[in-house]
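Notes for the structure review
Chain by chain, the residues run as shown.
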Amino acid sequence: FGVDGSGWRRDFLFYVENTHTLVAIRRGHALHPFERLDRVAYLFCVLCLNLFLAAVLARDHPPVEANGRADYVRSPDYLTWLLAASAFNLFYDRLLRVLATCACVERGGALFDVCCLCADCCKDLGKIGLYMAVIASCAVGIVGCVVASKLHSRNHFFRTFV
C-alpha cells in the first residue's frame, strides 16, 4: 500500500482504470488481456441489448398509471420484468467478458501449455465469438429501435433504458 499512505488511492485508481467500462476504453493498461477494441465491442453489445430490453419492457409491461403519471413502485409486473431483464443483462455481460478474456487460453494460463487446441484455436475463437456477438447485437439493436419507435409513450422507454 505504499509508505506514504497514498498506495490505496493509486491502487484504486488503477483498478477503476482497468475495470470501468467507459474509463478503461481510454485509460486501460496496454497489457491488460481485455484489449481496447474488445472493450468498445463489448460496450456496443451491452448497449444494443439494453436498448432492446428497454423497448420490449416498455411495450409489453408498462408501469401502472396513477393520477396521470407512471407509478413504478406499485407496478409489480413491471418491476419483476425489469429485474429479469437486469439478470439477463448481467449474464450476457459475464459471457462477453469471458469471450474476450478467457484466462485459460492466454499465455501462461491454465491450458495454454497443456492443450495445443487451446493454445492455437480457443483464444481466437473467443475473440471471434465477441465479434460475432457484435454482429448479432446490431440486429438486436435495430429491432430495439424499431420497437421503441412504435411506442405510444416513449417516457417509459427512456426511464427504463437509463
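All values reported here derive from a predicted model rather than from experimental measurement.

A few words now on a nonpolar patch on the surface. Residues Trp8, Phe12 and Tyr15 make up a contiguous nonpolar surface patch of roughly 390 Å² in combined accessible area. Secondary-structure assignment places Trp8 in helix α1 (residues 7-19). In this structure Trp8 comes out as partly exposed when scored by relative accessible area, which is 47%.

Another point: helix α4 (residues 76-101). Look at α4: 37 Å from first C-alpha to last across 26 residues, which is about the 38 Å you get at 1.5 Å a residue. Those residues of α4 not exposed but buried are Tyr78, Ala85, Asn89, Tyr92, Asp93, Leu96, Arg97 and Ala100.

Turning to the nonpolar core, a few remarks are in order. Counting residues in each nonpolar core, the largest one holds 14 residues, and the members touching the most others are Tyr42, Cys45, Tyr92, Leu96, Leu130 and Ala133. Elements that contribute at least two residues to this core include exactly α3 (36-60), α4 and α5 (116-149). For this core, the element with the highest residue contribution is α3, accounting for six residues. Sequence-distant contacts of Tyr92, that is, excluding residues within four places in its chain, are made with Cys45, Val46, Leu49, Ala133 and Ser137. If you look at the next biggest cluster of nonpolar residues, it comprises eight residues, including Ala55, Ala58, Val147 and Ala148.

Inspection of every chain in the model, using the stated rule, returns three salt bridges. Arg59 serves as the salt-bridge partner of Asp60, at 2.7 Å between the closest nitrogen and oxygen. Judged by relative accessible area, which is 45%, Arg59 ranks as partly exposed.

Here α3 crosses α4 at 160°, and the two axes come no closer than 10 Å. One element, α3, and the other, α4, form an angle in the roughly antiparallel class. Two packed elements cross with a definite hand, and for α3 against α4 that hand is right-handed. Residues Asp38, Tyr42, Cys45, Val46, Leu49, Asn50, Leu53 and Leu57 of α3 form the contact with α4, whose participating residues are Tyr78, Trp81, Leu82, Ala85, Phe88, Asn89, Tyr92, Asp93, Leu96, Arg97 and Ala100. Of the residues that constitute the contact of α3 with α4, the class distribution is 14 nonpolar, two polar and three charged.

Time to look at the confidence of the model for the protein. Where the model shows low pLDDT, its predicted coordinates should not be examined in detail. When pLDDT is averaged along the protein, the result is 78, and 78% of the positions lie at 70 or above. When pLDDT is averaged over each helix and strand of the protein, the minimum, 70, is found for helix α6 (residues 155-161) and the maximum, 88, for α3.

As enumerated under the stated definition, the model contains zero disulfides in all. Unpaired in this structure, Cys45 has its nearest cysteine sulfur neighbour in Cys48, at a distance of 7.0 Å. By relative accessible area, Cys45 is classed as buried at 0%. Looking at Cys145, it has no disulfide partner, and the nearest cysteine sulfur is the one in Cys48, 7.7 Å off.

Rules used throughout
Residues numbered from 1 in each chain as written. Predicted model: local features only at pLDDT ≥ 70, side-chain atom pairs only at ≥ 80, totals over all residues. Heavy atoms only, no water. Patch = residues over 30% accessible without salt bridge, like charges linked within 9 Å, V, L, I, M, F, W, Y side chains within 5 Å. Areas by Shrake-Rupley, 256 points an atom, 1.4 Å probe, with all protein chains shown as cover. Salt bridge = Lys/Arg side-chain N within 4 Å of Asp/Glu carboxyl O. Helix = DSSP H or I, 4+ residues; strand = E, 2+ residues; numbered from the N terminus. Buried < 20%, exposed > 50% of the residue type's maximum accessible area, 1.4 Å probe, protein only. Expected span 1.5 Å × (residues − 1). Core = buried A, V, L, I, M, F, W, Y, C linked by side-chain atoms within 4.5 Å. Contact = heavy atoms within 4.5 Å. Axes fitted to C-alpha atoms, helices over the stretch in contact; angles between N-to-C directions. Parallel < 35°, antiparallel > 145°, perpendicular 65-115°, else oblique. Left-handed = near helix turned anticlockwise from the far one by under 90°. Nonpolar A, V, L, I, M, F, W, Y, C, P; charged D, E, K, R; others polar. pLDDT = per-residue confidence, 0-100. Disulfide = S-S within 2.5 Å.

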